[in-house]
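Residues per chain, in single letters:
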Amino acid sequence: MAIEQLDKKGTAYLQGIQGLNYLGKMSGFKKPMNILKSYLKSNGKRKTLYLKFDEGKIDEVLKGVYQIKINPSDKNFLNDLRDELEDNGEDIDKSKTKPGQTITFKSGFQLYLSGRPLRNVIDESGNAVGSKTPTNDQQEDGFIINLKEGKMLENLVINKKIGFPFGKDWYNSFTRSFDAFTSKLIKKTDLSKYEFYRDSDPKKLDMLNDITDPDILPSSKDNWNPADVWAVKISKKDDLEKKIDALYTERKKNKNVSIERINKFIENQLKDKNLIGISLKQVIGNSAKVDKITKDAKYINSVKFLGFKKKMDYDVLKTYFDIHVKMSCIKNDSLDYLFRFRPRAASDAKTNNGEGRLSGSGPADGAIDKKNVLSVLLPNADDITSEKYGKSKTINEALNFLVASNKKKYEGLQKWANKGKYKFLNISNLDKKADDKDIRRGLLNLNYAYLIDTYRDQKELYKKFYLAAKKVNEFSSIHYKISG
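So, how was this worked out
Residues numbered from 1 in each chain as written. Predicted model: local features only at pLDDT ≥ 70, side-chain atom pairs only at ≥ 80, totals over all residues. Heavy atoms only, no water. Axes fitted to C-alpha atoms, helices over the stretch in contact; angles between N-to-C directions. Helix = DSSP H or I, 4+ residues; strand = E, 2+ residues; numbered from the N terminus. Parallel < 35°, antiparallel > 145°, perpendicular 65-115°, else oblique. Left-handed = near helix turned anticlockwise from the far one by under 90°. Contact = heavy atoms within 4.5 Å. Nonpolar A, V, L, I, M, F, W, Y, C, P; charged D, E, K, R; others polar. Pairing = 2+ DSSP bridges. Expected span 1.5 Å × (residues − 1). Buried < 20%, exposed > 50% of the residue type's maximum accessible area, 1.4 Å probe, protein only. Arc of directions from axis to C-beta.

1. With respect to the packing of helix α2 (residues 30–39) against helix α3 (residues 75–87)
At their nearest, the axes of α2 and α3 sit 10 Å apart, and the two run at 125° to each other. By the criterion of interaxial angle, the relationship of α2 to α3 is oblique. You can see that α2 and α3 cross each other, and the crossing is right-handed. Between α2, through Pro32, Ile35, Leu36 and Tyr39, and α3, the contact on the second element is made entirely by Asp80, Leu81, Glu84 and Leu85. Residues of the contact of α2 with α3, tallied by class, amount to 6 nonpolar, no polar and 2 charged.

2. Details of the sheet that holds strand β11 (residues 289–293)
The mixed open sheet is built from 5 strands, whose spatial order is β8-β9-β10-β19-β11. Each edge of the open sheet carries a strand with a single partner, namely β8 (194–198) and β11. Taken over all neighbouring pairs, the strand axes of this sheet differ in orientation by 25° on average, direction set aside. Lying over the sheet, helix α4 (residues 136–149) contacts β8, β9 (229–233), β10 (275–280) and β19 (479–483), oriented at roughly 175° with respect to β8. Running at roughly 115° to β9, helix α9 (residues 237–253) makes contact with β8, β9 and β10 of the sheet.

3. A few points about helix α14 (residues 407–419)
Its 13 residues give α14 an end-to-end C-alpha distance of 17 Å, which sits within 8% of 18 Å, the value for a rise of 1.5 Å per residue. For α14, the full list of buried residues reads Tyr410, Leu413, Gln414, Trp416 and Ala417. One side of α14 holds all its buried residues, which, seen down the axis, span an arc of 165°. Exposed and oriented more than 90 degrees from the buried face of α14 are Lys407, Lys408 and Lys415. Where α14 is buried, its residues touch α13 (395–405), β18 (425–428) and α15 (436–453).

What follows is the structure in structure tokens.
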């Protein structure tokens, strides 16, 4: 679709690869656009990027820089893109940057968070359309509305009811998820016996707000149960309300009351089809599958760490490191899996976080629970960020300073970093000059890599990482997951 066919009044946008390719052809932008294209090659979030231009004139520079909007607004995605670009030599123009909202690079472009619907969009296929990326709430409501209606609605009807122009990709996802739901969980003829609620809706039933209240949970709600949708059997609402109120009151008064009492209640209600939690993932394949996610002993015992895949070439000043492994479980004899560790707030770098995903394309399974997994397996791993390392200009200089001030605590890290043999990394640039921010972040990542590499029971470590990313923690509750 030619740019001239758009409405010439106001602004317009090139989506995803269209915008990255166009800007990449301009002088000075080939390198940063190639960085983004490589990083987002198999990431569906690429479609949330929109290159802005004015009145069909793509060569017009807006406000002195080219602007790439992230829509819908996603601060974590913005920070991930910032880190990737910085890692590869793109410098930030701090005078034109507002952290958490706008990041401007000296090469002449800007990443900008945007939450408003966009008009005059040329999508990745070259078609002139409206913005096609719904918010998480809209995605979930677009599925739930069909359950409430008891049938699969037409695309235009869903769009009208939700107030968003879902494209073919999302309509296919809704249809396949609906088919899987009604064939595996609740029959289409029985949908009228249930009420359906989005978990993120604060106006959902009080009893659902109570059972997901962080004050009674051992970790975040999603680490306990990542359900996006709750199905409540209408004839059992009063009984559920009384039982949940008793459990909530008991746990609220005394945190020593085991979370297992609540988990057993959730398990029994799911078994009886009175209260069912469902986690949703966009279905991009030809069909959806329904998995029961449970911490049953058979599944947990089946999870095995089989060894490492290719080592990551790790520049110690990079914002993250990856661990490529082979795992197996009751459903897969062998699967390639990746754990990524990075400080979420790269500018502060005071604590590290981990997540797990299948190698290659697709969304992450989830974060590795910080409180109940990382901090237990790797206690005090973040303490290194509070240490002083003088005027050190390299990681090695900082390690020398740390060992001189506390030999017992940091000699092991220094020896490991300089030995040159590591299980899952090839480390470089220990002697490369860097600023204080990069050194602090590098020390934090290096300390985590050291503690993971030298952990005494590697099989148990990666098993716990994997189960945590899959939301099968010791305290997790049962739920279903629809994906494909």
